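Read off the chains here:
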Amino acid sequence: PRLLSQFFFADERVTRVVAEINGLDAELDPQQYLVLLNQLHLSQAHLLAVLERIMEECIPTQRHSRDYLVKFPEELLVDNLGNHMLFAAECLLAGTFLEVEESDGAQLRPRARNLLCSLELVRTVLREQSLSQPNSYPEPVRAVLIQFDRLFAEFELSYVSSLVAVKSPDEIYRQQEIIVLFCETVERALRLGYLTQEMIDGYEPLLMFTIPRLAIISGLLIYPEGPLSLERSPEEMSRVFSPFYNLLKKIRDLLRVLSAEELCVLERSLCTAE
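On a predicted model such as this, the values are computed, not experimentally measured, just so you know. Residue positions within a chain follow its written sequence, with the count starting from 1. Local features in a predicted model are, by the rule used here, given only for residues with pLDDT of at least 70; side-chain atom pairs are given and counted only at 80 or more, and totals for whole chains, interfaces and linings are based on all residues. Remark: hydrogens and water are excluded; side-chain values derive from all non-hydrogen atoms of the structure.

Caption draft 1: Geometry of the domain arrangement of the protein. By domain assignment, the protein separates into domain 1 (3-163) and domain 2 (169-272). Where each domain begins and ends is defined by an automated method or by a domain database. A straight line from the C-alpha centre of domain 1 to that of domain 2 covers 44 Å.

Next up, the structure:
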């Protein structure tokens, strides 16, 4: 159950697979080479997972901030992102630019080199610690873990930023505004009886259509200074709504001529129409 013991065996497996790859002629046995590459990927992922648990146990309050993850596209936030970053660093150090432009890769190579050197140091230190005192984390061990955690985070942010357009602080704030608008819309709909708590608790599929429809009305009439404010230019709105700027203006103009009773009828109909 000791994490350092788990790390020792995970590290041994990575070392063994790497040795098998280095001793194999890929041209003579390409199928076995692919098998070993897959084993290396899996063993490295396991090694990183154990290392993550060790850092959570050893330096929980000294971890480098990962707040930048909110800037990443959701499709990148997968369980194996860390292993992908390690593979990317290895490719960059070998001079292979699989996903980035060559100019970006040249700038990223020093960070990749520092990250991989730090990982090797972590592996050496943790192996020695696991063989001597597997129940403790002395200061030298903590120091190399803190350094590795920082270098990993810095490389991850730099690498992903070279691949995709990360969200700006303004875009993140606009998304938070939309979340608030949807929450206030649901609260208002519950208060007016358009929705029931049972529908929400039961994940009623119709809510996927009902809540956004009601949110548009709320954003245009009830909370006109929120994320659907048409006093802003399209460029200042969230990318969720900016393509529909002119359409939203037409909808707002139509809503303004409705009486309170007519608006209520409209909202109720939006809660039932497919």
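Caption draft 2: Looking closely at the packing of helix H1 (residues 3-22) against helix H2 (residues 30-58). Running from N to C, H1 and H2 point in directions that differ by 155 degrees, and their axes come no closer than 9 Å. By the criterion of interaxial angle, the relationship of H1 to H2 is roughly antiparallel. H2 is crossed by H1, and the crossing has left-handed handedness. Three classes are used: nonpolar for Ala, Val, Leu, Ile, Met, Phe, Trp, Tyr, Cys and Pro, charged for Asp, Glu, Lys and Arg, and polar for all others, with Gly counted as polar. Tallied by class, residues from the contact of H1 with H2 come to 16 nonpolar, five polar and five charged. Axis definition: a line fitted to C-alpha atoms, over the contacting stretch in the case of helices. Angles run 0 to 180 degrees between N-to-C directions. Where helices and strands are cited, they refer to DSSP runs of H or I of at least four residues and of E of at least two residues respectively, numbered from the N terminus. For classification purposes, angles smaller than 35 degrees are called roughly parallel, those larger than 145 roughly antiparallel, those between 65 and 115 roughly perpendicular, and all remaining angles oblique. A crossing counts as left-handed when the near helix is turned anticlockwise from the far one by less than a right angle, and as right-handed when that turn is clockwise.

Caption draft 3: Broad picture of H2. Multiplying 1.5 Å by the residue count of a helix minus one yields the expected span of that helix. When the terminal C-alpha atoms of H2 are compared, their 41 Å separation across 29 residues agrees well with the 42 Å that a helix rising 1.5 Å per residue should span. Only protein chains enter the accessibility calculation, which uses a 1.4 Å probe; a residue is then buried when its area is under 20% of its type maximum, exposed when over 50%, and partly exposed in between. Looking at H2, one finds that the buried residues are Leu36, Leu40, Ser43, Gln44, Leu47, Leu48, Val50, Leu51, Ile54, Met55 and Cys58. Residues are treated as being in contact if the distance between any of their heavy atoms lies within 4.5 Å. At its buried positions, H2 is contacted by H1, helix H3 (81-93), helix H4 (102-132) and helix H5 (139-163).

Caption draft 4: Main features of the environment of Ile222. Considering the arrangement of structural elements, one finds Ile222 in helix H8 (residues 207-222). On the accessibility criterion, Ile222 (35% relative accessible area) is partly exposed.

Caption draft 5: Quick peek at the nonpolar core. Take the buried residues of types Ala, Val, Leu, Ile, Met, Phe, Trp, Tyr and Cys, join any two whose side-chain atoms come within 4.5 Å, and each joined set is a nonpolar core. Grouped together as the largest cluster of nonpolar side chains are 45 residues, with contacts concentrated most on Leu51, Ile54, Leu126, Leu145, Phe148, Phe155 and Tyr159. Looking at this core, the elements with two or more residues in it are H1, H2, H3, H4 and H5. Take this core: its biggest share by element is ten residues, from H5. Leave out the neighbours within four places in its chain, and Leu51 touches Phe7, Leu119, Val122, Leu126, Leu145 and Phe148.

Caption draft 6: Summary view of the side chain of Ser130. Along the chain, the position of Ser130 falls in helix H4. With relative accessibility at 10%, the residue Ser130 sits in the buried group. Distance and chemistry together define a polar contact, namely a pair of N or O atoms within 3.5 Å, with one atom able to donate a hydrogen and the other to accept it when in protein, and with adjacent residues in sequence counting only for side-chain atoms on both sides. Side-chain polar atoms of Ser130 contact the backbone oxygen of Arg127, separated by 2.7 Å. Excluding anything up to four places from it in sequence, Ser130 contacts Leu4 and Phe8.

Caption draft 7: View of H1. With 20 residues, H1 ought to run about 28 Å at 1.5 Å a step, and its terminal C-alpha atoms sit 28 Å apart, in line with that. Every buried residue of H1 is listed here: Leu3, Leu4, Phe7, Phe8, Ala10, Asp11, Val14, Val17 and Ile21. Looking at the buried residues of H1, the elements they touch are H2 and H4.

Caption draft 8: Looking closely at the pattern of salt bridges. The working definition used for a salt bridge is a side-chain nitrogen of Lys or Arg within 4 Å of a carboxyl oxygen of Asp or Glu. Considering all chains together, one arrives at 13 salt bridges under this definition. Linking Glu120 and Arg123 is a salt bridge whose minimum nitrogen-to-oxygen distance equals 3.2 Å. Here Arg123 and Glu120 lie together in helix H4, a separation of three residues that amounts to about one turn. A relative accessible area of 41% places Glu120 in the partly exposed class. Relative accessible area serves as the criterion here: at 11%, Arg123 is assigned to the buried category. Overlapping salt bridges, with partners in common, bring together Glu52, Glu56, Arg63, Arg66 and Asp149 in one network.

Caption draft 9: Just the packing of aromatic side chains, in detail. Working definition: a ring pair exists when centres of Phe, Tyr or Trp rings (six-membered ring for Trp) sit within 6.5 Å. Plane angles under 30 degrees give stacked, over 60 give edge-to-face, the rest tilted. All told, the structure shown has three aromatic pairs when counted by the stated rule. Relative to Phe9, the ring of Phe8 has its centre 5.4 Å away and its plane inclined at 85 degrees; by these criteria the two rings are edge-to-face. You can call Phe9 exposed: its relative accessible area is 59%. With 5.6 Å between their ring centres and 25 degrees between their planes, Phe155 and Tyr159 make a pair best called stacked. Here Phe155 and its partner Tyr159 are both found in helix H5, four residues apart, which amounts to about one turn of the helix. Of the two residues, Phe155 and Tyr159, neither departs from the other in class, the shared state being buried.

Caption draft 10: Fine view of the packing of H2 against H5. Relative to each other, H2 and H5 sit at 120 degrees, their axes nearing to 11 Å. Judged by the angle between their axes, H2 and H5 are oblique. For the pair H2 and H5, the crossing hand works out as left-handed. The residues of H5 that touch H2, namely those facing Leu51, Ile54, Met55 and Cys58, are Arg142, Leu145, Phe148 and Asp149. For the contact of H2 with H5, a count of residues per class yields six nonpolar, no polar and two charged.

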